[in-house]
Amino acid sequence: MARRDDGNDDDGTSAADTYGYTGGSSELGPERKGRPILQRLFAACDDDAVGTVHRAWAVTVLVMVAFFAASIIEATKLNEDYEEGSRASFALELAAYWSAILHLILAITGTFILKRFSTAFTVGCLLGVTVVISQQNLLLFAAFYGYSHGSPFMNIIFADMAFALFVILSFFALTLGHFRKYIITR
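From a predicted model like this one, the values you see are computed outputs, not experimental measurements.

Our next topic: the overall build of the chain. From N to C terminus, the chain includes seven helices and two strands. Expressed as a percentage of the 186 residues in the chain, the buried residues total 34%. As displayed, the chain has an accessible area near 11,700 Å², and 63% of this comes from carbon and sulfur atoms.

As enumerated under the stated definition, the model contains one salt bridge in all. Among the ionic pairs, aspartate 48 bridges to arginine 55, the shortest N-O distance being 3.4 Å.

On to the environment of isoleucine 73, then. When you line up the elements, isoleucine 73 lands in helix H3 (residues 49-79). Residue isoleucine 73 is classed as partly exposed on the basis of its relative accessible area, which comes to 40%. Sequence separation between isoleucine 73 and tyrosine 97 is 24 residues, and the spatial gap between their C-alpha atoms is 9.4 Å.

What follows is about the nonpolar core. With 33 residues, the main nonpolar core has Met64, Leu114, Phe144 and Leu176 as its most contacted residues. Counting only elements with at least two residues in this core, the list comes to H3, helix H4 (90-115), helix H5 (120-144) and helix H6 (152-178). Those residues in contact with leucine 114 that lie beyond four places of it in its chain are Val53, His54, Trp57, Leu126, Phe172, Leu176 and Ile183.

A word on H4. Taking 1.5 Å per residue as the helical rise, H4 with its 26 residues ought to reach 38 Å, and the 38 Å between its terminal C-alpha atoms agrees with that figure. Burial in H4 covers these residues: Leu92, Glu93, Ala96, Ser99, Ala100, Leu102, His103, Leu106, Ala107, Gly110, Ile113 and Leu114. Those residues of H4 that are buried lie in contact with H3, H5, H6 and helix H7 (180-183). Measuring from the side-chain oxygen of the N-cap residue of H4 to the backbone nitrogen of alanine 91 gives 3.3 Å; that N-cap residue is serine 89.

As a further point, take the packing of H5 against H6. Following both chains from N to C, one finds H5 and H6 inclined at 155°, their axes separated by 8 Å at the closest point. When the axes of H5 and H6 are compared, the pair comes out roughly antiparallel. When you trace H5 past H6, the crossing you get is left-handed. Partitioned by chemical class, the residues of the contact of H5 with H6 number 19 nonpolar, seven polar and one charged.

Further remarks concern the side chain of threonine 119. Note on placement: threonine 119 falls in the loop between H4 and H5. Those residues within four positions of threonine 119 in sequence are excluded, and the remaining contacts are Ile184 and Arg186.

Parts of the prediction with low pLDDT should not have their coordinates interpreted in detail. Per-residue confidence for the chain averages 82 on the pLDDT scale, and 77% of its residues sit at or above 70. Within the chain, the lowest mean pLDDT, 44, falls on strand E1 (residues 25-26), and the highest, 95, falls on H5.

Turning next to the environment of leucine 106. Among the structural elements, leucine 106 can be located in helix H4. For leucine 106 and leucine 126, which are 20 residues apart along the polypeptide, the C-alpha to C-alpha distance reads 8.3 Å. Ignoring any residue separated from it by four or fewer positions in sequence, one finds leucine 106 in contact with Trp57, Met64, Thr111, Leu126, Val129, Thr130, Ile133 and Leu169.

What follows deals with the packing of aromatic side chains. All told, the structure shown has eight aromatic pairs when counted by the stated rule. On the basis of an interplanar angle of 45° and a centroid distance of 5.0 Å, the ring pair of phenylalanine 141 and phenylalanine 163 is categorised as tilted. With phenylalanine 141 in helix H5 and phenylalanine 163 in helix H6, the pair connects residues that are 22 residues apart, well separated along the chain. Since its relative accessible area comes to 34%, phenylalanine 163 is described here as partly exposed. With centroids separated by 5.8 Å and ring planes inclined at 40°, the aromatic side chains of phenylalanine 163 and phenylalanine 166 adopt a geometry described as tilted. One end of the pair is phenylalanine 163 and the other is phenylalanine 166, both in helix H6 and three residues apart, which spans about a single turn. Take phenylalanine 166: its relative accessible area is 16%, and that puts it in the buried class.

What counts, and at which threshold
- Residues numbered from 1 in each chain as written.
- Predicted model: local features only at pLDDT ≥ 70, side-chain atom pairs only at ≥ 80, totals over all residues.
- Heavy atoms only, no water.
- Helix = DSSP H or I, 4+ residues; strand = E, 2+ residues; numbered from the N terminus.
- Buried < 20%, exposed > 50% of the residue type's maximum accessible area, 1.4 Å probe, protein only.
- Areas by Shrake-Rupley, 256 points an atom, 1.4 Å probe, with all protein chains shown as cover.
- Salt bridge = Lys/Arg side-chain N within 4 Å of Asp/Glu carboxyl O.
- Core = buried A, V, L, I, M, F, W, Y, C linked by side-chain atoms within 4.5 Å.
- Contact = heavy atoms within 4.5 Å.
- Expected span 1.5 Å × (residues − 1).
- Polar contact = N/O pair within 3.5 Å; in protein donor to acceptor, adjacent residues only side chain to side chain.
- Axes fitted to C-alpha atoms, helices over the stretch in contact; angles between N-to-C directions.
- Parallel < 35°, antiparallel > 145°, perpendicular 65-115°, else oblique.
- Left-handed = near helix turned anticlockwise from the far one by under 90°.
- Nonpolar A, V, L, I, M, F, W, Y, C, P; charged D, E, K, R; others polar.
- pLDDT = per-residue confidence, 0-100.
- Phe/Tyr/Trp six-rings, centres within 6.5 Å; stacked < 30°, edge-to-face > 60°.

Printed below as a string of structure tokens:
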């Protein structure tokens, strides 16, 4: 069957008609229907975009430092034998140490990138690494929540902190992604 291609795909409607965007504004202010969700979410932060990203990063670093300490404590608690002949998984012990190291490296390099070396490449890399480590925290939450070896109380604290850091890193990634054009200096 032959395909008809006359080169004219214009049916006379605009994109605004197709997607229902009314544009313009009303007496109550600009139309909110056509604005993307991130613009609506960060509308109050538009006046100080760089400050917003830096404050979000400061909160993220504080939580990462607390998570670093919790990771070291969790790994040492997993290493202890609470019952004779019962030892925790070496893989989870290694995961706790590895996550501590990664969060410390992310805190240092992220601060360097945001304060001193904000090129398009480095900000993009920071954004990607932040998303990956955020997902890693979600996996840590799933692995440690309800784990019975080591200290069950510490396992739940570690899992809850990993989930909180997943949410915080995800929100920071959204913030950095939205305001990246204000952060990139070169």
